[in-house]
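Observations on the model geometry
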Amino acid sequence: MQALLKLSALIDWFSEAMGKFAGYLVLICCLVSAGNAIVRYVFNYSSNGWLEIQWYMFAFIVLVGASYTLRMNEHVRVDIIYGAISARTRLWVDIIGITLFLLPACFVLAWLSWPMFTLSLAQNEISSNAGGLIRWPVKFIIFAGFALLVLQGISELVKRIGALNGLYQLDTKYEKPLQ
C-alpha cells in the first residue's frame, strides 16, 4: 500500500502542475481574446487562427484542469447526501463513485478519443476555416484530459482506501457551497 501511496503522491504532483499551468492559460487566453478583439476593431483585421487558438487553450483549461479539480476535491457532488453523512461513509461513497462511475466513464472516453487523435495526426487534419489551425493537438488534449482524470481517479481511490485502513490522513471535511 505504501508504494501505491507514493505513486498517488506522484500523480497528485503532476495533476497540480498541470492545473497550475491551466490556470496561467486562463490569463493567456484572456490576453489573446482581448488582443484579437482590438486588432479586429481597430485595424479591421481578423484571423481564424487566433480564434481557434483560444478554443484550444480553453479545451486544455477545462479538460486538463479537471484532474486538478478532482485532486483539490472541488468537483460537483450531491450536496444533500454528502453533507449529511459521516467522514467514513464519505470515504465509502467516494470509493464507490470513483470505481463505478468516474474511472469507467473516463477510461472509455480516453479509449474512444485515441483513434480520433491518431487519425487526425496521420491525415494532418486542418481546420476547414480559412487560416485555421491543425486539429490533432486539440484532439490529443481530449485524450490527455480523460487519461489524466483516470490517473487522478486512481490516486483518489488509493488515498481513500489508505484512509479507511488508517495509512493515510485525508481531510474529509465538507463545506456546503456558498449560494
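Source: prediction; values computed, not measured. (Residues numbered from 1 in each chain as written. Predicted model: local features only at pLDDT ≥ 70, side-chain atom pairs only at ≥ 80, totals over all residues. Heavy atoms only, no water.)

1. Regarding the packing of helix α1 (residues 2-42) against helix α5 (residues 136-164)
- At a minimum axis distance of 9 Å, the contact between α1 and α5 shows a crossing angle of 135 degrees. Classed by the angle they form, the pair α1 and α5 counts as oblique. You can see that α1 and α5 cross each other, and the crossing is left-handed. Here α1 contributes Leu4, Leu5, Ser8, Ile11, Asp12, Phe14, Ser15 and Met18 to the contact with α5, which in turn contributes Leu148, Leu151, Gln152, Ser155, Glu156, Val158 and Lys159. (Axes fitted to C-alpha atoms, helices over the stretch in contact; angles between N-to-C directions. Helix = DSSP H or I, 4+ residues; strand = E, 2+ residues; numbered from the N terminus. Parallel < 35°, antiparallel > 145°, perpendicular 65-115°, else oblique. Left-handed = near helix turned anticlockwise from the far one by under 90°. Contact = heavy atoms within 4.5 Å.)

2. Thoughts on the pattern of salt bridges
- Evaluated as defined, the whole model comprises seven salt bridges.
- Measuring nitrogen to oxygen at the nearest pair gives 2.8 Å for the salt bridge that ties Lys159 to Glu156. Of the two residues, Lys159 and Glu156 both sit in helix α5, three residues apart, roughly one turn of that helix. Side by side, Lys159 and Glu156 carry an identical accessibility label, which is buried.
- Between Glu156 and Arg160 there is a salt bridge, and its shortest N-O distance comes to 2.6 Å. Of this pair, Glu156 and Arg160 both sit in helix α5, four residues apart, which is roughly one turn of that helix. Both residues of the pair, Glu156 and Arg160, count as buried.
- The network of salt bridges with shared partners includes Asp12, Asp94, Glu156, Lys159 and Arg160. (Salt bridge = Lys/Arg side-chain N within 4 Å of Asp/Glu carboxyl O. Buried < 20%, exposed > 50% of the residue type's maximum accessible area, 1.4 Å probe, protein only.)

3. Section: a nonpolar patch on the surface
- Together, Met1, Leu4, Leu7, Leu10, Trp13, Phe14, Ile161, Leu167 and Tyr168 give the surface a local cluster of nonpolar side chains, amounting to about 830 Å² of exposed area.
- With five residues, α1 is the largest single contributor of residues to the nonpolar patch.
- With respect to the element layout, Met1 can be found in the segment before α1.
- Exposure remark for Met1: the relative accessible area of 35% places this residue in the partly exposed category. (Patch = residues over 30% accessible without salt bridge, like charges linked within 9 Å, V, L, I, M, F, W, Y side chains within 5 Å. Areas by Shrake-Rupley, 256 points an atom, 1.4 Å probe, with all protein chains shown as cover.)

4. As for the confidence of the model for the protein
- Of the residues in the protein, 94% reach a pLDDT of 70 or more, and the chain-wide mean stands at 88.
- Least confident of the elements in the protein is helix α3 (residues 79-82), whose mean pLDDT is 72; most confident is α5, at 94. (pLDDT = per-residue confidence, 0-100.)

5. Section: the side chain of Lys159
- A relative accessible area of 3% means that Lys159 is categorised as buried.
- A polar atom in the side chain of Lys159 sits 2.8 Å from the side chain of Glu156.
- Contact partners of Lys159, with chain neighbours within four places excluded, come to Leu5, Ser8, Asp12, Gln152, Tyr168 and Leu170. (Polar contact = N/O pair within 3.5 Å; in protein donor to acceptor, adjacent residues only side chain to side chain.)

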